[in-house]
There are 2 protein chains.
Amino acid sequence: MTALAASWLPLSAGERAVAIEVLVHGPLSRTDLARRLGLSAGSLTRLTKPLIESGLLVETAEGAALPETRQGRPSQPLDIVAESRTFLGFKITDDMVYGVVTTLRSDIVARHDRPLTSHEPERVADLLAEMAGELAGRHPSLAGIGIGVGGLVEHQAVVGESPFLLWRDVPLAGLVEERTGLPVVVENDVAALVEAETWFGAGRGLDRFVVLTIGAGLGYGLVLGGTRVRSGEEDRGFGRHWIIDPNGPLTPTGERGSAVAMLTVPAIRYQVQAATGREVTYEEILAQAAAGDPMCARVVGEAGRALGTLVAQIANFVMPQKILLAGEGVGLMEVAGRAVDDAVRANRHPLAAPVPLETKVSDFHDWARGAAVLVIQVLVLGAADSSTQSDQLHGP
Amino acid sequence: MTALAASWLPLSAGERAVAIEVLVHGPLSRTDLARRLGLSAGSLTRLTKPLIESGLLVETAEGAALPETRQGRPSQPLDIVAESRTFLGFKITDDMVYGVVTTLRSDIVARHDRPLTSHEPERVADLLAEMAGELAGRHPSLAGIGIGVGGLVEHQAVVGESPFLLWRDVPLAGLVEERTGLPVVVENDVAALVEAETWFGAGRGLDRFVVLTIGAGLGYGLVLGGTRVRSGEEDRGFGRHWIIDPNGPLTPTGERGSAVAMLTVPAIRYQVQAATGREVTYEEILAQAAAGDPMCARVVGEAGRALGTLVAQIANFVMPQKILLAGEGVGLMEVAGRAVDDAVRANRHPLAAPVPLETKVSDFHDWARGAAVLVIQVLVLGAADSSTQSDQLHGP
DNA sequence: CCGAATATTTTCGCAACGAAAGTAAGTGGC
DNA sequence: GCCACTTACTTTCGTTGCGAAAATATTCGG
């Protein structure tokens, strides 16, 4: 499927561990690395030497100022040459394809979007290959392509079910690989965003971490032991049946009073429209709620309460070290932050640790970046796909 | 604190992995072990030899009948000599101490209970030491003592806070070690039960596993990656603030309509008593509900609905491979199983995988057995305590 | 008795690690 | 400027633990 069994760099297990540690946790001296990886100082000399020779790592300018003027020989931080390779990430929506070029660190160095005029798999692959070609011209050291799609994705290659593209079992990775000759990884869009945040974002270094996205729908991603829990369920409409208020609003999607019905952007717009008869944008609703409009304030307040309840329950059951709110609908937090906090408190034990809640406004390029992170993982980590055997046994 | 840094057997990492695999997953041939541990056949010969010589493992009677009459040289299963050591487990309740003697596999070989007449820490330690002495006489190869207590336990040694014993910062492990000279591990009772089920019970070999106990209170235990998530929160009254029905019953403990108020044994008894004025036992309530008494049927039905909602949310958020219901209050499942199932369905996505729900009636000796499992883990695994650094960073 | 199949043991070589000693490059005291 | 002292890194060397492959063991089916 994903064409490459091995990583694109032949690294030993130890070398790979060093590479990933530096990639994810920034410039680190050999001593730091030894401590973090539980290895001896000698091993670090051995492991870093070939990485530096191959050009993947460099000794950074030592003048880069350690604030602490400690004694002794100054340490020599090592960093990844993030620009040594570039990666492509795409996010496919109903009518657009958003593309980004990123470095190894997943910093976006270019953006490129094109309208999606056909949902025909072959045509979509054509478009992606075309966009890849345009971007590859400017960035020759392209190493791989990641594609994020809403829906169920299998083996990081086949779109099993996508409601908005109306696809079933489309081998998208293969189609794009044929056309570009590059390794391609396809994944559910929420999953991709979660991986990006786990490696390079809010969840960096955390053991238990939850991502909740609010937008056209709700998305839920769970990271345990530093690894995302793969499960088909969350890709099929999370929160439609999570009833927060049995007497809550009835909207076109989601059960009455469900998290989806109370919290998503379309549901909130629907509620206001149903009450006032006018078509209003999400931003206008938030603004009017902030300005004191009673109708909007009620809807937004209820949404905030629903979000707080959701967050509290996640905290109760999963006990994550952090919950990240992402997506287009997180503007809610600014207007209804108080309602959220109150609802969190009401649904938590008073002695429970406060929930570390972080909000990140994300646009479609962030989703595309998430897809790029997946290729980085596969290529750097040589990570075999494990989506199918996710519920395997384990040794204690 | 727990006195022993090292395991009681000096095992290398590889040997320990073999020992644990055999301990938890029953008799296994060297070939099986090689596959499970990802090692070569040669390594298994090397690793098992000293374990057999030391008497920890034996080659079991090969006549033990493999149903499959395959060709080739028959495999030679290895098993742990479960009786080579024994362990003591205690569960301390308000007015009783329940004790068990177990084998390495945590099979109970003897029981011994005594009333608890004083809550004075020194007296409790005296009683435990006395009981240990009585049991040690009959089981000379006693290797360690595990103690389960309701409340917050720190460092597997100090009872930080126990509401029913009215203890604060009591170094119980030290007190009992002084008197017995044996290694002692103290742990929250729910945590101990969870560990026991993870190693030797319903959660054996599972990666994500949840234990929910229903009794005087609610208990929640989360196992991720085969390891229990340590968190002080769950020991401080789980479910009191998990509001299932804002208009639900108001009981002495738990917020109105909370899981605790709707689901625990005392709360159900309180509701029936408040309505009828009579003192009724939990079993009588269940029987009357089954027999059609409308009052009891309503209370029990609501409890079943609450349980189903709880289970569904755990499944939604944690996606465990199994949820185990344990404790004295699980009789509810027999009477209100239908209500539970309906509520689970109503709160789950229709396409979501069914929740694997298992029920286990447990008495106080099961809780004591859980405590014994903790010593087994500490001694066999040489597991350092990590309750305080549970929220540590990790390497990817 | 002779393969064929499967399990285990033996042998050998290698990869990777840690310990310890050595070297490098700074700071601060005089 | 020189001399401790501290910390970072490198070199050397011996050990450990593993896999590969060949050898041996034990069964079944003819």
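Residues numbered from 1 in each chain as written. Chains lettered and ligands numbered in written order. Predicted model: local features only at pLDDT ≥ 70, side-chain atom pairs only at ≥ 80, totals over all residues.

A few points about the overall build of chain A
- When you go through chain A residue by residue, the secondary structure sums to 12 helices and 15 strands.
- A buried classification covers 48% of the 396 residues belonging to chain A.
- Contacts in chain A between residues at least 24 apart in sequence constitute 64% of all its contacts with a sequence separation of at least 6. (Helix = DSSP H or I, 4+ residues; strand = E, 2+ residues; numbered from the N terminus. Buried ≥ 20, exposed ≤ 12 C-beta atoms within 10 Å, placed from the backbone. Contact = placed C-beta atoms within 7 Å.)

Section: the protein's contact with DNA strand C
- Not every one of the 24 residues close to DNA strand C is listed here, only the nearest: S40 and G42 of chain A together with G42, G72 and R73 of chain B.
- Elements represented by at least two residues in the surface near DNA strand C include exactly α3 (41–53) of chain A together with α2 (30–37) and α3 (41–53) of chain B.
- Class assignment of the residues belonging to the surface near DNA strand C gives a composition of 4 nonpolar, 16 polar and 4 charged. (Near = placed C-beta within 6 Å. Nonpolar A, V, L, I, M, F, W, Y, C, P; charged D, E, K, R; others polar.)

A closer look at the protein's contact with DNA strand D
- Near DNA strand D there are 25 residues, and of these G42, G72 and R73 of chain A together with G42 and R73 of chain B occur at the shortest range.
- At the level of secondary structure, the elements contributing two or more residues to the surface near DNA strand D comprise α2 (30–37) and α3 of chain A together with α3 of chain B.
- By residue number, the principal contributor to the surface near DNA strand D is α3 of chain B, which donates 4 residues.
- Looking at the surface near DNA strand D residue by residue, the class counts come to 5 nonpolar, 16 polar and 4 charged.

A word on the packing of helix α1 (residues 13–24) of chain A against α2 of chain A
Residues and elements named next belong to chain A.
- Put simply, α1 and α2 touch, their axes get as near as 11 Å, and they point 110 degrees apart. Classified by the angle their axes make, α1 and α2 are roughly perpendicular. When you trace α1 past α2, the crossing you get is right-handed. Across the interface between the two elements, A17, V18 and E21 from α1 touch L33, R36 and L37 from α2.
- Grouping the constituent residues of the contact of α1 with α2 by class yields 4 nonpolar, no polar and 2 charged. (Axes fitted to C-alpha atoms, helices over the stretch in contact; angles between N-to-C directions. Parallel < 35°, antiparallel > 145°, perpendicular 65-115°, else oblique. Left-handed = near helix turned anticlockwise from the far one by under 90°.)

Observations regarding the nonpolar core
- By size, the foremost hydrophobic cluster in this structure holds 246 residues, and its most contacted members are L128 and V311 of chain B.
- In this structure L128 of chain B touches F90, V97, I147 and V176 of chain B, once residues within four positions along its chain are discounted. (Core = buried A, V, L, I, M, F, W, Y, C linked by C-beta atoms within 7 Å.)

Some words on the domain arrangement of chain A
- Looking at chain A, the domain boundaries give domain 1 (13–80), domain 2 (84–195 + 365–381) and domain 3 (206–361).
- Centre-to-centre separation of domain 2 of chain A and domain 3 of chain A, based on C-alpha positions: 28 Å. (Domains from an automatic or database assignment.)

Re the sheet that holds strand β14 (residues 322–327) of chain A
Residues and elements named next belong to chain A.
- Strand order in the open sheet made by the 5 strands is β13-β12-β11-β14-β15, with mixed pairing throughout. Only two strands of the sheet have a single neighbouring strand rather than two, namely β13 (227–228) and β15 (357–361).
- Alignment of strand β11 (residues 208–214) against strand β12 (residues 218–224), held across 7 bridges, turns out to be antiparallel. Residue pairing for β12: F209 is matched across the bridge by V223. (Pairing = 2+ DSSP bridges.)

Focus: the confidence of the model for chain A
Residues and elements named next belong to chain A.
- The predicted model of chain A has a mean per-residue pLDDT of 88, with 90% of residues at 70 or higher.
- Under a pLDDT of 50 for its full length, residues 1–7 has, in the predicted model, 17 contacts with residues more than four places off or in other chains.
- For the stretch residues 384–396, pLDDT sits under 50, and the model shows 23 contacts to residues farther than four places along the chain or on other chains. (pLDDT = per-residue confidence, 0-100.)

Some words on the packing of helix α9 (residues 282–291) of chain B against helix α10 (residues 294–318) of chain B
All names here are of chain B.
- Contact geometry of α9 with α10 gives a least axis separation of 7 Å together with a crossing angle of 105 degrees. As judged from the angle between their axes, α9 and α10 are roughly perpendicular. In this structure, α9 contributes I285, L286, Q288 and A289 to the contact, and α10 contributes C296, A297 and V300.
- Taken together, the residues of the contact of α9 with α10 break down into 6 nonpolar, 1 polar and no charged.

What about the sheet that holds strand β9 (residues 167–170) of chain B?
Residue and element names in this part refer to chain B.
- The 3 strands lie next to each other as β7-β8-β9, forming an open sheet whose pairing is antiparallel. In this open sheet, the two edge strands, each paired with only one partner strand, are β7 (152–154) and β9. Direction aside, neighbouring strands of the sheet carry axes that sit 20 degrees apart on average.
- Here 3 bridges tie strand β8 (residues 158–162) to β9, and the two strands are oriented antiparallel to one another. Bridged to V159 within β9 is V170.

Focus on α9 of chain B
All names here are of chain B.
- Listed in full, the buried residues belonging to α9 are I285, L286 and A289. Down the axis, α9 shows its buried residues gathered within 95 degrees of arc, on one side only. In this structure, α9 carries E283 and A291 as exposed residues pointing more than 90 degrees from its buried face.
- Buried residues belonging to α9 abut α8 (265–276), α10 and α11 (332–346).
- Backbone geometry just after α9 places G292 at a positive phi near 110 degrees. (Arc of directions from axis to C-beta.)

A short note on the pairing of strand β3 (residues 86–92) of chain A
Residues and elements named next belong to chain A.
- Within β3, 7 of the 7 residues are buried, which leaves the element mostly enclosed by the surrounding structure.
- Across the two faces of β3 the burial is the same, with T86, L88, F90 and I92 and F87, G89 and K91 all buried.
- The pairing of β3 with strand β6 (residues 142–149) spans 7 bridges and is parallel. Residue T86 lies in a different strand from β6, and its bridge partner there is L142.
- Relative to strand β4 (residues 96–102), β3 runs antiparallel, the two being bridged by 6 bridges. Each residue of the ladder has a partner; that of K91, found in β4, is Y98.
- Hairpin connection, β3 to β4: the antiparallel pair is bridged by 3 residues.

Side note on the pairing of strand β3 (residues 86–92) of chain B
- The pairing of β3 of chain B with strand β4 (residues 96–103) of chain B spans 7 bridges and is antiparallel. Pairing of F87 of chain B across the sheet is with T102 of chain B, part of β4 of chain B.

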